[in-house]
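Take a look at the letters that make up each chain.
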Amino acid sequence: MECRDRYFMIAVDLSFTGPEPRFEAVDETGVYPITKQYAAKCGYRDDEVFTFNFNLIATHEGKEVTYALNKTCSPALPWSPREVTCEANYMEVSVRSDVACPTGTKKDDWDAVVQTAYASAISDWQVMFQRVEQELVPMNLTEVHKQGYAFDLTDGRLVFRTPYGQPDSFSTEVNGVPVEVVHATLFSRQSWVVLMVDLVAACSMHEGSYDYSGYMMWETPEVLHPLVSGLHMMQVNIGVSGELVEQPVAEERGYIVEKHNTTVQISIPYNAEGGYRKSFVSGDLYEFYVFDLYLEQISVDEDHIDTRLRFHRTLATPLLPRPVFTENRTVLEERTFAVYLGDVPEDVALAAVHLNGQEFTVPFTNASSHTITEVVHPNNTHGFTLKVPFDDPVVIQQFCKEDAAMQLRLDINYTLVVLPENEPYCHLASVMALTDVSPPAFDAVCSESGISFKLDHRPSDYLWELCIGSDPLTSELAAQHGYIMSNDSQSLLLDVPLFTHGFEYKDITLKGFFGTFEILVQNRETSEVQSSTVKTCPFSTTELIMCSTDGRMTAVADLSLAIQGGGVPARTNLINKYCGPKEADGTRALFSFPLNSCGSIVKLNKDNVTYENEIFFSRKFSSVKNPADFSNDIERVTIQCTYPLAGLYRLFSVYRFESDTAGVGRIVHSARSTEESHHQALDYASNTTACYQTLPETSLNETWS
């Protein structure tokens, strides 16, 4: 709520009140809803102190809430002898009650009015409206009030107020400018004297024009009606949003005040302080400007009596094109598209971005590889910098044989919304780049049973060869190692089951382990490895055996059948009874030991070498008190690692185990009698044949015998 020099203003935030707030005027006689019709004819009257009482009716969660508002204001300037106000919805004229008859009044102008007034005058006040070629008809104030007119007498002023477009007003043109005029004469007989007051309200109805050079223009005649032709304009004050400044100050702010013959023309720059700007969508993006023009024209007559004429006009420009632009700021060395969207008005927000048809809402998620950053400018605009890596899946790649390069294209559809209506507007852009051809890269996904790889085909795929280790990836290789491979024109899919050739295992525990699989990409001409796709996934399994290239056997064995005889996995051991498990739970045990330790047996043939050990239960710690309670048959758990001899050519010529490839492991469960088991263990210990050899308990760094 603000007090201005001649009026009081209330502004409310629609986000607080709801879309349709209502006001009520409150005085000692009651509460009056302020409608458009009521507001145009009724107002507050006083001379020095105005006390405003209003009710604001807002809507909160579907319920109406009433707020009492009040404010006391005093005019900043004393009232001029004559003031005319041209508001947005009404005209008003007030004269001080102590003003004498002007000396410039012409007798002929009064003859008809005086004769009619004298003939019909009574002690009550009456009104006559004067129109060209229309008979003068006196009306009492009650009749006049019913027609929407208001006459008020304060301690020092007589005020006449009328809405625009009343039956007794008339329109004319002055120097080509439309003008609305109401000419009322108020009179009353007091004994032998007839009191008469002539009230003329005349207002320019010019709607404003836009010259497309950045100015909104408005015009008013210097003289609005012949009755006030003796006035001489002395001063013009101008402003927007209720702030008046003198003409020199206004011109410093960019306003232009010009006089063409007898017409005053005001030009307001589109970016004038206090103006209101709004974006609008109608196919394309537009904008318009709204100015609450406040103009004061001060004139004097030959008796040096001031007349202040105040205009309040809302001026709006037509819809003006408001294009935004995009600028390609991509730097090839950074391998990232960088596109700037600029000159976006402040009341326009970026809601989403479509990249080659895929929609991404703003702001982007942290998981996204592309980013968008807002840039705010001091001229009430902002912009957005979009960055998308060249290797982002959303980028379209096409191989150009002529350039022997990859053409990258990004079609962008910016979805902008005008606030607060959220009206959408789309801006399209497209950028391209040529880059050297990059090796293909797989997308990899973990599953419970293995790892799945997917490669989307590109025109440049023929330049590369995919390999598992040193072997090219072919359908024959996939069938040989148990991979599941499908290859069509769109993509290559490769499912690699767990424990197949090429897997590497780390961090093996009873809870689980990590398996890693790698696919290499080689230059087809030079066989040079250019890149690789490596995927590591967590797995869990009941049993596992791993035979490493550096000569270590790691096995997780399921002993659930064996413990039925009363054994405890934590109390198991290998052939060497001092080699116990690293971990154990209720049904399983984890062993990890060098191949040539723990009593392992080596078996040689012409192609392979196999290292074998066995898991035993110690009867000493059995939970069964009577050994006779043991079943005659117990499960036999054998663990083996087999290596091709071709990769072990240095087996007996160096001090440590080395293999070109990992070995193939086996866990064998078989039933046998306890007695047989006991004797066979002894047989292993004494076996010294060339093909079955019990390895001595030496470290891997000692010489083998």
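What you see as residue numbers is a count from 1 along each chain, following the sequence as written. Only residues with pLDDT of at least 70 are given local features in this predicted model, and only at 80 or more are side-chain atom pairs given and counted; all residues enter the totals for whole chains, interfaces and linings. The side-chain figures draw on all heavy atoms in the structure; neither hydrogens nor water molecules are used.

Regarding the side chain of Gln522
1) Next: Here a strand is any run of E in DSSP of at least two residues, a helix any run of H or I of at least four, and the numbering for each starts at the N terminus. For Gln522, the position within the fold is in strand β42 (residues 513-523).
2) Next: When neighbours within four sequence positions are excluded, Gln522 is seen to be in contact with Leu463, Trp464, Glu465, Cys467, Ser527, Glu528, Val529 and Gln530. Working rule for contacts: check all heavy atoms of both residues, and any pair within 4.5 Å makes them a contact.

A closer look at the pattern of salt bridges
Side chains bearing opposite charge may pair, as long as their charged atoms lie close to each other.
1) Next: One speaks of a salt bridge when a side-chain nitrogen belonging to Lys or Arg is within 4 Å of a carboxyl oxygen belonging to Asp or Glu. Evaluation of the coordinates by the stated rule reveals 19 salt bridges.
2) Next: Linking Asp152 and Arg45 is a salt bridge whose minimum nitrogen-to-oxygen distance equals 2.6 Å. Taken together, the residues Asp152 in strand β11 (residues 150-153) and Arg45 in the loop between α2 (36-41) and β5 (50-60) connect sequence positions 107 residues apart.
3) Next: Ionic pairing is found between Lys278 and Glu421, a salt bridge with its closest N-O pair at 3.1 Å. With Lys278 in strand β22 (residues 276-282) and Glu421 in the loop between β33 (405-418) and β34 (423-435), this residue pair connects regions lying 143 residues apart in the sequence.
4) Next: A residue is classified by how much of its surface remains accessible, and Glu421, at 48% relative accessible area, is partly exposed.
5) Next: Among the ionic contacts, a cluster of salt bridges with common partners joins Arg6, Glu83, Glu296, Arg308 and Arg310. Three exposure classes are used, based on accessible area relative to the maximum for each residue type with a 1.4 Å probe and protein chains only: buried under 20%, partly exposed in between, and exposed over 50%.

What about the nonpolar core?
1) Next: Core analysis: the biggest nonpolar cluster contains 61 residues, and Phe337, Val353, Leu386, Leu410, Ile412, Tyr414 and Phe517 have the highest contact counts within it.
2) Next: It is β33 that contributes the most residues to this core, seven residues altogether.
3) Next: Those residues in contact with Val353, other than ones at most four positions away along the chain, are Gln358, Glu359, Phe360, Val362, Phe364, Ile372, Leu386, Ile412, Asn413 and Tyr414.
4) Next: Counting residues in hydrophobic clusters, the runner-up holds 49 residues, among them Leu158, Val179, Met216 and Ile238. As used here, the term nonpolar core means buried Ala, Val, Leu, Ile, Met, Phe, Trp, Tyr and Cys residues forming a set that is joined through side-chain atoms within 4.5 Å.

Description of the state of the cysteines
1) Next: Disulfide: a pair of cysteine sulfur atoms within 2.5 Å of each other. Scanning all chains against the criterion turns up five disulfides.
2) Next: Through a disulfide, Cys579 is tied to Cys598; the S-S separation comes to 2.1 Å. Note on the Cys579 and Cys598 pair: the S-S dihedral is about -90 degrees, so by sign convention the disulfide is left-handed. Within this pair, whereas Cys579 is found in the loop between β46 (572-573) and β47 (583-584), its partner Cys598 is found in the loop between β48 (588-594) and β49 (601-604), the two being separated by 19 residues in sequence. Cys598 carries the same exposure label as Cys579, and that label is buried.
3) Next: Look at the protein chain and number its bonded cysteines as they come in the sequence; the links are 1-2, 3-4, 5-6, 7-10, 8-9.

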